[in-house]
Amino acid sequence: LSDPSQASVAAHCVHQIRTMLQLNVLGDEPSVIAITSATSGDGKTSLSLALGLSFASASSRTLLVDTDLIGAG
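I will try to describe carefully the structure that is included in this document. (Residues numbered from 1 in each chain as written. Predicted model: local features only at pLDDT ≥ 70, side-chain atom pairs only at ≥ 80, totals over all residues. Heavy atoms only, no water.)

Take the environment of Leu 69 next. Among the secondary structure elements, Leu 69 is positioned in the segment after helix 2 (44–57). In this structure the C-alpha to C-alpha distance between Leu 69 and Met 20, which are 49 residues apart in sequence, comes to 27 Å. (Helix = DSSP H or I, 4+ residues; strand = E, 2+ residues; numbered from the N terminus.)

Moving on: the layout of surface pockets. Approximately 1200 Å³ is the volume found for the largest pocket. As for the largest pocket, its lining consists of 36 residues, and the residues nearest its centre are Ile 33, Ala 34, Ile 35, Leu 64 and Val 65. Ranked by residues supplied to the lining of the largest pocket, first place goes to helix 2 with six residues. Class assignment of the residues belonging to the lining of the largest pocket gives a composition of 14 nonpolar, 16 polar and six charged. (1 Å grid on protein atoms, 1.4 Å probe; cavity = no way out; pocket = protein on both sides within 12 Å on 5 of 7 lines; lining within 4 Å. Points joined across faces, edges and corners; volume = space filled by probe spheres on them. Nonpolar A, V, L, I, M, F, W, Y, C, P; charged D, E, K, R; others polar.)

Okay, here's the thing in structure tokens:
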């Protein structure tokens, strides 16, 4: 994302995803969000990190755990 306008659009999309996820949570109940896909290199870690930062910046208690169940060495 070397183009600032693309970076801005990507950040806005991540914040929109976070907002939609927060709207689906019942009250102040803790929730777990899992991001997965069938192949490696799809951007799961990047999206997880971006969402974690977005939740944290919105003053939500946030714990981010990144695991690789297939490629774990």
